Amino acid sequence: MKKVLFAAIALVASVTPAMAEESFAPEAGDFSLELQFNPFSNNFDTFKLERLQGTYMLSDKDGLRFGLGLGIHSGKNTSNEDNDSFTSSKYGDFSINLGYERHFYNYKRVDLYAGAEVIYTHRWAGAKSENYDGDNNWTSTSEAINYIPDTDKKAGNDFGFNLFTGINFSVYKGLYVGAELGLGLEFQNDSWGKNKVTTKDDVTEGKGFNKSKGFDLEFKANPALRLGWTF
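Residues numbered from 1 in each chain as written. Predicted model: local features only at pLDDT ≥ 70, side-chain atom pairs only at ≥ 80, totals over all residues. Heavy atoms only, no water.

**Section: the overall build of the protein chain**
Check the secondary structure of the protein chain and you find 1 helix and 11 strands. Ordered by position from N to C terminus, the α and β elements of the protein chain give α-β-β-β-β-β-β-β-β-β-β-β. For the protein chain, buried positions account for 29% of its 231 residues. Residue pairs at least 24 apart in sequence account for 63% of intrachain contacts in the protein chain once pairs closer than 6 positions are excluded. Taken as a whole, the protein chain presents about 15,000 Å² of accessible surface, with 61% of it coming from carbon and sulfur. (Helix = DSSP H or I, 4+ residues; strand = E, 2+ residues; numbered from the N terminus. Buried < 20%, exposed > 50% of the residue type's maximum accessible area, 1.4 Å probe, protein only. Contact = heavy atoms within 4.5 Å. Areas by Shrake-Rupley, 256 points an atom, 1.4 Å probe, with all protein chains shown as cover.)

Set out below in structure tokens:
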């Protein structure tokens, strides 16, 4: 009995230091997958997914990140239940980012890093009205191409470059939460807006208008939470 007791004590004594010295720092070959989401967005949605991102550690300090973002929104409004006339709109965006991370400080569960990334975003937008007479016979279709009237939604392409720094906190081995902030430069290029009207007798398409270009340089603090898993 004494031999069994001493063996158990020796086993616990050998395992405890190993658990205490467990490292939460990233290591070469690790791959992490994270969700960036905002549980308290400005329009009071309960959940909004911002981006899905993966990071592969080239070494214990250097990581390569790749991310995808997608947002799709649509709506339809019917004037009344006695008439088939309606207006609808769709807008959204798709983004890709590629970047480099340098993990420069690790202490227990805390991991600090900094880096740079490039981002490409494609935006789309449009609206349509189907018009019917009093007998619900189709009369015309009006389309707004590459924009939604009376809003700031426009189709186009954006190119960005960000310098960032962030912090990860390991909840336990393989699971972490984090936040990020940085300085971003973004170039916008909006597409030509157009109007198209189709009737029984004719199709009329207006010339392009309101094409614009510009850039923004600003500090950005990402309010989204980052939840990640390391494999």
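**Description of the packing of aromatic side chains**
As enumerated under the stated definition, the model contains 4 aromatic pairs in all. Here the aromatic rings of Tyr113 and Phe164 are separated by 6.2 Å at their centres, their planes lie at 65 degrees, and the arrangement is edge-to-face. Of this pair, Tyr113 sits in strand β5 (residues 110-132) while Phe164 sits in strand β7 (residues 156-172), and the two are 51 residues apart along the sequence. Look at Tyr113 and you get buried, because its relative accessible area is 0%. Overall, Phe164 belongs to the buried group, its relative accessible area being 6%. Here the guanidinium or amino end of Arg65 rests over the ring plane of Phe164, the centre of that ring lying 4.1 Å away. (Phe/Tyr/Trp six-rings, centres within 6.5 Å; stacked < 30°, edge-to-face > 60°. Lys NZ or Arg CZ within 6 Å of the ring centre and 35° of its normal.)

**Some remarks on the side chain of Arg123**
Mapped onto the elements, Arg123 comes out in strand β5. What makes Arg123 buried here is its relative accessible area of 16%. Polar side-chain contacts of Arg123 include one of 3.0 Å to the side chain of Asp158. (Polar contact = N/O pair within 3.5 Å; in protein donor to acceptor, adjacent residues only side chain to side chain.)

**Considerations on the pairing of strand β8 (residues 175-190)**
Note that β7 and β8 share 16 bridges and pair antiparallel. Across the sheet, Thr165 pairs through a bridge with Leu181, a residue of β8. (Pairing = 2+ DSSP bridges.)

**Let's talk about the confidence of the model for the protein chain**
Low-pLDDT stretches of the model should not have their predicted coordinates read in fine detail. Put simply, the protein chain has an average pLDDT of 84, and 83% of its residues get 70 or more. For the protein chain, per-element mean pLDDT is lowest for helix α1 (residues 2-20), which scores 42, and highest for β5, which scores 95. Below a pLDDT of 50 lies the segment residues 1-20, which in the model reaches 0 contacts outside its immediate sequence neighbourhood of four places, other chains included. (pLDDT = per-residue confidence, 0-100.)

**Quick look at the environment of Ala114**
Within the secondary structure, Ala114 sits in strand β5. Ala114 sits 11 residues away from His103 along the chain, and the two C-alpha atoms are 6.6 Å apart. When sequence neighbours within four positions are dropped, the list of residues in contact with Ala114 reads Tyr100, Glu101, Arg102, Phe104, Phe164 and Thr165.

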